[in-house]
Amino acid sequence: MKVYISSDMEGSTGIVSPEQVMFGKPEYEFGRRMQLHDTLAAVNAALSWGADTVTVNDSHDRMINLDVSLFPREVSLITGSPKILGMVEGVSEHDAAIFIGYHAMAGTEKAVLDHTYSTKVVYGLKVNGIKLGETGLNALFSGALGVPVSMVSGDTAVCLEASSLLGETLITCPLKDGLGRNAAVTRSPEESAELISESVKRALEAAAAGRSPVLKMEAPYKTELTFHTTAQADAAGLVPGSERMSGRTMVFTTEDIFEIRRWCSSSIDCASIVGY
Ligand SMILES: [Zn+2]
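Computed from a predicted structure; not experimentally measured.

(A) Representation of the overall build of the protein chain in the model. For the protein chain, the helix and strand inventory stands at six helices and 12 strands. For the protein chain, the C-alpha radius of gyration of 18 Å lies close to 19 Å, the compact-globule estimate for 276 residues. Along the longest, intermediate and shortest principal axes, the C-alpha atoms of the protein chain span 50 × 40 × 30 Å. Classification of the 276 residues of the protein chain by burial places 54% in the buried group. Restricting the contact set of the protein chain to residue pairs at least 6 apart, pairs at least 24 apart contribute 67%. Put simply, the protein chain has 23 plus and 34 minus side-chain charges, and the middle of one group is 3 Å from the middle of the other.

Structure (structure tokens):
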């Protein structure tokens, strides 16, 4: 079995604050360490379960957080950015995808560092009327390439979000309970490593048996992106194919599911350059 791991940072064990996930901040090294901790727990579980190959995609911010020198030899690391498919770059031709260190969509209560790609820019995202965060959108791209999502780890909120979208056959692994956006009750690293290991093995059993969920939607894909300000929506209007739906919401319709990724990424980048 070929296993793919998309590794974000915010949902990792012990992480609660922007200071811990932003490059250049004093606590960033703690964030890196915990992302690596959770990712290696998943990698080692997949290898001991009997995976033939494991591909890890560094999916956080600049995507150069994971130190490849600390990885086992059987693992390939996708590192750096930009990447056309971003958090699921290289997912095609794998048998199961695992999302590690994920976080809930923007606007979720009691969810650690809830956001959708950009805290300062994105208020909400929908595809064909369904609210999606990063978990949903990355599951949609994986599904379009025929790859099931077999497991999601992060806080309790992202696990609930993932289960409600992907169904009960998804294995989830909650590692902390959010008390708010920047506070949580977290498991110890030792306990979370055990939980991740057990969950990965159950997830790969489910994938091997064809039980892991594959998210599909019918074309055409109508994507709505709502910004925090009208100025951000004005700037996003520069992206080809955008239509203004309302003051703060732009809409884009396509038959090609991967154009959603290009459009969202370009729109968020344009919107990010305007001030408040
Ligand atoms: Zn991240």
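(B) A look at helix α2 (residues 134-144). Across the 11 residues of α2, 10 count as buried, placing the element largely inside the fold. Of the residues making up α2, those classed as buried are Glu134, Thr135, Gly136, Leu137, Asn138, Ala139, Leu140, Phe141, Ser142 and Gly143. Along its buried surface, α2 packs onto β4 (96-102), β5 (122-127), β7 (149-155), α3 (156-166) and α6 (257-272). Where α2 terminates, the next one or two residues include Gly146, which has phi positive at roughly 80 degrees.

(C) Region of interest: the sheet that holds strand β10 (residues 221-227). What the five strands build is an open sheet, ordered β6-β5-β10-β12-β11; its pairing is antiparallel. Of all strands in the sheet, those bounded by a partner on one side alone are β6 (130-131) and β11 (243-246). Sheet topology places β5 next to β6; two bridges connect them, and they run antiparallel. Residue pairing for β6: Lys126 is matched across the bridge by Lys131. Sitting on the sheet, α6 is in contact with β5, β10 and β12 (249-254), with an inclination near 15 degrees to β10.

(D) Inspection of a negative patch on the surface at higher detail. Together, Glu190, Glu191, Glu194 and Glu198 make up a region of like negative charge exposed at the surface. For Glu194, the position within the fold is in helix α4 (residues 189-208).

(E) Layout of the coordination of the zinc ion. Around the zinc ion, the protein supplies Asp8 (OD), Glu10 (OE), Glu10 (OE) and His60 (ND1) as donor atoms, at distances of 2.0 to 2.7 Å. Because the angles between the four donor atoms bound to the zinc ion fall within 53 to 140 degrees, the donor set is best described as irregular.

(F) Broad picture of the state of the cysteines. Scanning the model with the defined rule gives zero disulfides in all. Cys264 takes part in no disulfide bond, and the closest cysteine sulfur, belonging to Cys270, lies 12 Å away. Overall, the relative accessible area of 4% leaves Cys264 in the buried class.

(G) Highlighting the domain arrangement of the protein chain. In terms of domain boundaries, the protein chain breaks down into domain 1 (2-104 + 133-208) and domain 2 (221-272). Spacing between the C-alpha centres of domain 1 and domain 2 amounts to 27 Å. Contacts between the two partners involve nine residues from domain 1, matched on the other side by five residues from domain 2. In total, domain 1 and domain 2 occlude about 680 Å² of area from one another, counting both sides; carbon and sulfur atoms represent 82% of this. Where domain 1 touches domain 2, the interface holds zero salt bridges.

(H) Quick look at the packing of aromatic side chains. All chains considered together, the criterion is met by four aromatic pairs. Considering the side-chain rings of Phe99 and Tyr102, the 4.7 Å spacing of their centres and the 10 degrees angle between planes classify their relative orientation as stacked. As far as the burial class goes, Phe99 and Tyr102 line up, both buried. Lying across the ring of Phe23, Arg62 places its NZ or CZ 3.6 Å from the centre. If you follow Arg248 out to its NZ or CZ, it ends over the ring of Tyr123, 5.9 Å from the centre.

(I) Spatial organisation of the environment of Glu218. Along the chain, Glu218 falls in the loop between α4 and β10. Judged by relative accessible area, Glu218 falls into the exposed class, the value being 67%. For the pair formed by Glu218 and Asn128, sequence separation is 90 residues and the distance between their alpha carbons is 8.6 Å.

(J) Region of the structure containing the pattern of salt bridges. Applying the stated criterion across every chain yields a total of four salt bridges. Residue Arg32 pairs with Glu29 through a salt bridge whose shortest N-O separation is 3.5 Å. With Arg32 and Glu29 both in helix α1 (residues 28-49), this residue pair falls three residues apart, about one helical turn. Assessed through its relative accessible area of 24%, Arg32 is described here as partly exposed. The salt bridge partner of Asp114 is Arg181, with a shortest N-O separation of 2.8 Å. Here Asp114, found in the loop between β4 and β5, pairs with Arg181, found in the loop between β8 (171-180) and β9 (183-186); they are 67 residues apart in sequence, far enough to count as distant.

The rules behind the values
Residues numbered from 1 in each chain as written. Predicted model: local features only at pLDDT ≥ 70, side-chain atom pairs only at ≥ 80, totals over all residues. Heavy atoms only, no water. Helix = DSSP H or I, 4+ residues; strand = E, 2+ residues; numbered from the N terminus. Rg over C-alpha atoms; globule rule 2.2 N^0.38 Å. Buried < 20%, exposed > 50% of the residue type's maximum accessible area, 1.4 Å probe, protein only. Contact = heavy atoms within 4.5 Å. Lys, Arg positive; Asp, Glu negative; His and termini not counted. Charge placed at Lys NZ, Arg CZ, Asp CG, Glu CD. Pairing = 2+ DSSP bridges. Axes fitted to C-alpha atoms, helices over the stretch in contact; angles between N-to-C directions. Patch = residues over 30% accessible without salt bridge, like charges linked within 9 Å, V, L, I, M, F, W, Y side chains within 5 Å. Areas by Shrake-Rupley, 256 points an atom, 1.4 Å probe, with all protein chains shown as cover. Salt bridge = Lys/Arg side-chain N within 4 Å of Asp/Glu carboxyl O. Donors = N, O, S within 2.8 Å, 3.2 Å for Na, K, Ca; no water. Tetrahedral: all angles 85-135°; square planar, octahedral: opposite > 155°, others 65-115°. Disulfide = S-S within 2.5 Å. Domains from an automatic or database assignment. Buried area = accessible area lost by both parts, 1.4 Å probe. Phe/Tyr/Trp six-rings, centres within 6.5 Å; stacked < 30°, edge-to-face > 60°. Lys NZ or Arg CZ within 6 Å of the ring centre and 35° of its normal.

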